[in-house]
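Secondary and tertiary structure notes
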Amino acid sequence: MLKKVIGKADPAAVVKVRTEEDVIKLLEFANRHKIPVVPRAGASSGYGGVIPTKGGIVADVTLLNKVISIDPEGQKAVVQSGIIWEKLERKLKEEGLSVRALPSSAPSSTVGGWLAQSGAGYGSYEFGWGYESMEKVRVVLPNGKIKEFSGPELKKLIGTMGTTGIITEITLNVQKLENRDAVSASFPDASAMKKAVETIRAKNIPLWSISFLNPEWADMKNKSPQKLHYGEVVDKDRPVLPVAYVCTFMYPASRDVSGLREAIESAGGTVLPEEIAKHETEEWFKSMKVKRLGPSFIPAEILVPLENMDSVFEEIKKKIKLPVLTEGMVISDGNVVLLCFMRHSERSVLFNTAFALSLSILKIAEENVGRAYSSGLFFASKKKSVFGDRLAEIEALRKENDPNGIMN
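Residues numbered from 1 in each chain as written. Predicted model: local features only at pLDDT ≥ 70, side-chain atom pairs only at ≥ 80, totals over all residues. Heavy atoms only, no water.

Things to note about the packing of aromatic side chains
- Evaluated as defined, the whole model comprises seven aromatic pairs.
- On the numbers, 5.2 Å between centres and 80 degrees between planes, the contact of tyrosine 245 with phenylalanine 313 is edge-to-face. Separated by 68 residues along the polypeptide, tyrosine 245 in strand S14 (residues 245–252) and phenylalanine 313 in helix H10 (residues 309–319) bring together distant segments of the chain. There is no split in this pair, since tyrosine 245 and phenylalanine 313 are both buried.
- Linked through ring pairs, Phe212, Tyr245 and Phe313 together constitute an aromatic cluster.
- Over the face of the ring belonging to phenylalanine 149 we find lysine 147, whose NZ or CZ atom lies 5.2 Å from the ring centre.
- Note that arginine 180 overlies the ring of tryptophan 208, its terminal NZ or CZ placed 3.6 Å from the centroid. (Phe/Tyr/Trp six-rings, centres within 6.5 Å; stacked < 30°, edge-to-face > 60°. Helix = DSSP H or I, 4+ residues; strand = E, 2+ residues; numbered from the N terminus. Buried < 20%, exposed > 50% of the residue type's maximum accessible area, 1.4 Å probe, protein only. Lys NZ or Arg CZ within 6 Å of the ring centre and 35° of its normal.)

A short note on the pattern of salt bridges
- Inspection of every chain in the model, using the stated rule, returns 18 salt bridges.
- Between glutamate 315 and lysine 319 there is a salt bridge, with the nearest N and O atoms lying 3.3 Å from each other. Residue glutamate 315 and its partner lysine 319 are both found in helix H10; the two are separated by four residues, about one turn of the helix.
- Taking the relative accessible area as the measure of exposure, lysine 319 reaches 44% and is therefore partly exposed.
- A salt bridge links glutamate 366 to lysine 382, with the shortest nitrogen-to-oxygen separation between them at 3.1 Å. Here glutamate 366 is found in helix H12 (residues 357–367), whereas its partner lysine 382 is found in the loop between strand S19 (371–372) and helix H13 (383–387), with 16 residues between them in sequence. (Salt bridge = Lys/Arg side-chain N within 4 Å of Asp/Glu carboxyl O.)

Regarding unusual backbone geometry
- Although it is not a glycine, alanine 43 adopts a positive phi angle of roughly 55 degrees.
- With respect to the element layout, alanine 43 can be found in the loop between strand S2 (37–40) and strand S3 (57–60).
- Exposure remark for alanine 43: the relative accessible area of 31% places this residue in the partly exposed category.
- At asparagine 204, a residue that is not glycine, the phi angle is positive and equals roughly 55 degrees.
- With respect to the element layout, asparagine 204 can be found in the loop between helix H6 (190–202) and strand S11 (209–213).
- The class of asparagine 204 is exposed, set by a relative accessible area of 64%.

As for the packing of H6 against H10
- Interhelical geometry of H6 versus H10 gives an angle of 165 degrees and a closest axis separation of 8 Å. In terms of orientation, H6 and H10 fall into the roughly antiparallel class. Classified by chirality, the crossing of H10 by H6 is right-handed. Facing Ala190, Ser191, Met193 and Lys194 of H6, the residues of H10 in contact are Met309, Asp310, Phe313 and Glu314.
- Here the residues of the contact of H6 with H10 are counted per class, giving four nonpolar, one polar and three charged. (Axes fitted to C-alpha atoms, helices over the stretch in contact; angles between N-to-C directions. Parallel < 35°, antiparallel > 145°, perpendicular 65-115°, else oblique. Left-handed = near helix turned anticlockwise from the far one by under 90°. Contact = heavy atoms within 4.5 Å. Nonpolar A, V, L, I, M, F, W, Y, C, P; charged D, E, K, R; others polar.)

Structural notes on the side chain of glutamine 117
- Position of glutamine 117 relative to the elements: it lies in helix H4 (residues 111–117).
- Side chain to side chain, glutamine 117 and serine 45 meet in a polar contact 2.5 Å long.
- Once you skip the residues sitting within four places of it in the chain, glutamine 117 turns out to touch Ser45, Tyr47, Gly159, Met161, Tyr373 and Ser374. (Polar contact = N/O pair within 3.5 Å; in protein donor to acceptor, adjacent residues only side chain to side chain.)

Section: the pairing of strand S18 (residues 335–344)
- Most of S18 is tucked away: nine of the 10 residues are buried.
- Here seven bridges tie strand S17 (residues 324–330) to S18, and the two strands are oriented antiparallel to one another. Across the sheet, valine 330 pairs through a bridge with valine 336, a residue of S18.
- The loop that links S17 with its antiparallel partner S18 comprises four residues; one of these, glycine 334, has a positive phi angle of about 90 degrees. (Pairing = 2+ DSSP bridges.)

A closer look at the environment of lysine 8
- Residue position: lysine 8 is located in the loop between helix H1 (3–6) and strand S1 (13–16).
- Sequence separation between lysine 8 and alanine 202 is 194 residues; the distance between their C-alpha atoms is 52 Å.

As for the side chain of threonine 171
- By the secondary structure assignment, threonine 171 is in strand S9 (residues 166–176).
- With residues up to four places along the chain from it excluded, the contact list for threonine 171 reads Ala77, Val78, Ser133, Met134, Glu135 and Lys136.

Notes on H6
- In this model, H6 (13 residues) spans 18 Å end to end at C-alpha, consistent with the 18 Å of a helix rising 1.5 Å per residue.
- One side-chain oxygen of the residue at the start of H6 lies 3.2 Å from the amide nitrogen of serine 191, identifying that residue as aspartate 189.
- Positive phi appears at asparagine 204, one or two residues downstream of H6, with a value of about 55 degrees. (Expected span 1.5 Å × (residues − 1).)

Describing the environment of aspartate 333
- Relative to the helices and strands, aspartate 333 is located in the loop between S17 and S18.
- Aspartate 333 gets classed as partly exposed once you look at its relative accessible area, which sits at 41%.
- Considered as a pair, aspartate 333 and phenylalanine 29 are 304 residues apart in the sequence and their alpha carbons are 42 Å apart.
- Each residue touching aspartate 333, except ones within four places of it in the same chain, is listed here: Trp129 and Arg201.
- Of note is the side chain of aspartate 333, whose polar atom sits 3.0 Å from the backbone nitrogen of asparagine 335.

Here's the deal with helix H2 (residues 20–33)
- With 14 residues, H2 ought to run about 20 Å at 1.5 Å a step, and its terminal C-alpha atoms sit 20 Å apart, in line with that.
- Those residues of H2 that sit buried are Glu20, Val23, Ile24, Leu26, Leu27, Ala30 and Asn31. Buried residues along H2 cover an arc of 165 degrees about the axis, so they all sit on one side. Exposed and facing more than 90 degrees away from the buried side of H2 are Lys25 and Arg32.
- The inward-facing, buried residues of H2 abut S1, S2, S3, strand S7 (134–140), strand S8 (146–150) and S9.
- Just beyond H2, the residue with positive phi is lysine 34, at close to 55 degrees. (Arc of directions from axis to C-beta.)

Take a look at the structure:
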């Protein structure tokens, strides 16, 4: 259905850029011949930001994947934009360091891609959105010129999906490596979980990350096939999750988080056995394994204020007839990201019409002062709510540096 409306989605060429000089030559060539260019990194996002709707050239930046420098004393790292988060974390650990925050797609997503989409993930309860740990960004503009963005100017790049140029280099603030502990708790409903998080925020309990699953997702994880290795089950002792809201609170082991248990229990929650917390933290990047129970999923991703989170869950349950599996992350600014999936079959004639349910979930978010998580091709009509006051600056930057309109 989408192919009929998005235009010529097959590129004429794919160019793998290995250096910043490659990027400059490519964009100078594309400008000279007025050829569209779409940057592509890990492509782990589902917003259509890497679809070349006018044909042209796809610029694959995944070979820009080097660590340029690491400064353990200053707690900084300079990296090329195409480096995968998981690889970067391994390199930092060798120096006794760690990233501040990272996406749940860390095994496949790139550092530059997280800025280009704008995201939040593990660690965002303490450190906020991914871009908040980025100090300086080097970009080849559509006209082939290099520009460095830092401070307030970074706002012109956040979430722009490769429409303002090709990101080549990022300076990140990182932190000292430290073992983390975790506590998992179950809550009877979203209101109780919200109350616990609000108490934690009010008491300034120094957590690093707060993530959670709704009862439908917890139930699905219990039912998911066991992991096999050469035909042998390797997770025989997998703990069974309560079919409830399961929230995992993570923090550096050296921190005093006294008051956490009281905040959980005073809200009506129950602290779960340690093996559940251990298992949930080991499952960080394995959300997609529920797809084994597919055969297909309809996704939706929204951003809502913490204060309205319980209302959103109630309305989704009331208005969406399919079970909605939801994973959530709490951000330092008081917002919550909800990643939702609805089971369906792409072989069914109803699959295309059922896809409209993702828009129904977005509407529920908007009615509760929320918005689409990101923009891209599929939610370009939501750009004003996604970008807010930054939109005018972004469009001015594009107009100034892309007179031929070649970029994405």
